[in-house]
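Structural characterization, general
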Amino acid sequence: MAEWFKNIYWADIAQACLDTLTMLGAALGFTVLLGLPLGVVLFLTGKRQLHEAVGVYRVLSVIVNMLRSLPFIILLIVLIPLTTLLVGTSLGVPGTIPPLVVGCTPFFARLVETALREVDRGVVEATQAMGGTTWQIIRHTLLPEARGGLLAAVTVTAIVLVDYTAMAGVIGGGGLGDLAIRYGYQRFQTDVMVVTVVLLLILVQALQMTGDRLVARYSRR
């Protein structure tokens, strides 16, 4: 058994896991913080919505679609100057977080818009009839009613971020992806590749199971 994992340095594996979780947590937090209001604005300015504004919606949609259409590996390279300006480096965990946020925020915003569109219009109209302001409708009607869909959106986004963190290893982003590329691919150490892939699969499964439980729990309320 030891011969199968002769190239494995478990301290490096542990550090790579910690780096991946750090990137995932930080990027997911910023993505939700930025993507949730963006998704709400997309919803509110859409056709037949509370604050229909076709021009605003189209501009936001173009920007969102452009960012979503860029392959993440290209986005990593294009954003190197901005990343360096923001965090002082384009390498390692800090240098990976800005492109992760830029790459996933439009994706999450679209999921938020879709979740809000699933809310029964009758519930929204009832809140309006009682004199609810836009902020009250968002806070007390839209977000609570779309809670299950929003949790599912966070789950899907988190899994996409795991994929992106692995891809960031191509430019020295750190984490399990970086370990897999530097040792598993470039140095032909198959055992390192296998371990990193298994750990990424376990992480994705854990995120999906947790997300499914949360969606099932809060959708019944």
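This write-up is about the structure you can find in this document. The structure displayed is predicted, hence computed values, not measured ones.

Conventions adopted
- Residues numbered from 1 in each chain as written.
- Predicted model: local features only at pLDDT ≥ 70, side-chain atom pairs only at ≥ 80, totals over all residues.
- Heavy atoms only, no water.
- Patch = residues over 30% accessible without salt bridge, like charges linked within 9 Å, V, L, I, M, F, W, Y side chains within 5 Å.
- Areas by Shrake-Rupley, 256 points an atom, 1.4 Å probe, with all protein chains shown as cover.
- Salt bridge = Lys/Arg side-chain N within 4 Å of Asp/Glu carboxyl O.
- Helix = DSSP H or I, 4+ residues; strand = E, 2+ residues; numbered from the N terminus.
- Buried < 20%, exposed > 50% of the residue type's maximum accessible area, 1.4 Å probe, protein only.
- Axes fitted to C-alpha atoms, helices over the stretch in contact; angles between N-to-C directions.
- Parallel < 35°, antiparallel > 145°, perpendicular 65-115°, else oblique.
- Left-handed = near helix turned anticlockwise from the far one by under 90°.
- Contact = heavy atoms within 4.5 Å.
- Nonpolar A, V, L, I, M, F, W, Y, C, P; charged D, E, K, R; others polar.
- Expected span 1.5 Å × (residues − 1).
- Arc of directions from axis to C-beta.
- Lys, Arg positive; Asp, Glu negative; His and termini not counted.
- Charge placed at Lys NZ, Arg CZ, Asp CG, Glu CD.
- Core = buried A, V, L, I, M, F, W, Y, C linked by side-chain atoms within 4.5 Å.

**Some words on a nonpolar patch on the surface**
Taken together, the side chains of L82, L85, L86 and V87 present a nonpolar region at the surface, about 400 Å² in accessible area. Here L85 shows up in helix α4 (residues 80–87). Since its relative accessible area comes to 69%, L85 is described here as exposed.

**Here we look at the packing of helix α1 (residues 10–44) against helix α8 (residues 147–167)**
Orientation of α1 relative to α8, taken along the N-to-C sense of each, is 135 degrees, at an axis distance of 10 Å. In terms of orientation, α1 and α8 fall into the oblique class. The two elements α1 and α8 meet at a crossing, and its hand is right-handed. Across the interface between the two elements, T20, M23, L24, A27, L28, T31, V32 and L36 of α1 pack against L150, V154, T157, A158, L161, V162 and T165 of α8. Partitioning the contact of α1 with α8 into residue classes produces 11 nonpolar, 4 polar and no charged.

**A few points about helix α2 (residues 54–69)**
Relative to the 22 Å expected for 16 residues at 1.5 Å per residue, α2 spans 22 Å between its end C-alpha atoms, a close match to the ideal helical length. Those residues of α2 not exposed but buried are L60, S61 and V64. Angularly, the buried residues of α2 cover 105 degrees about the axis, an arc narrow enough to put them on a single face. More than 90 degrees from the buried face of α2, the exposed residues found are R58, V59, M66 and S69. Looking at the packing, one finds that the buried side of α2 touches α1 and α5 (92–117).

**Looking at a positive patch on the surface**
Together, K47, R48, R58 and R121 give the surface a local cluster of positive charge. The topology assignment puts R48 in the loop between α1 and α2.

**Notes on the nonpolar core**
Of all hydrophobic cores here, the largest spans 28 residues; its most connected members are L24, F72, L100, L161 and L179. Elements that contribute at least two residues to this core include exactly α1, α3 (72–78), α5, α8, α9 (175–185) and α10 (190–219). If you tally residues by element for this core, the top one is α1, at 6 residues. By size, the runner-up hydrophobic cluster in this structure holds 15 residues, among which are L44, V119, V124 and I138.

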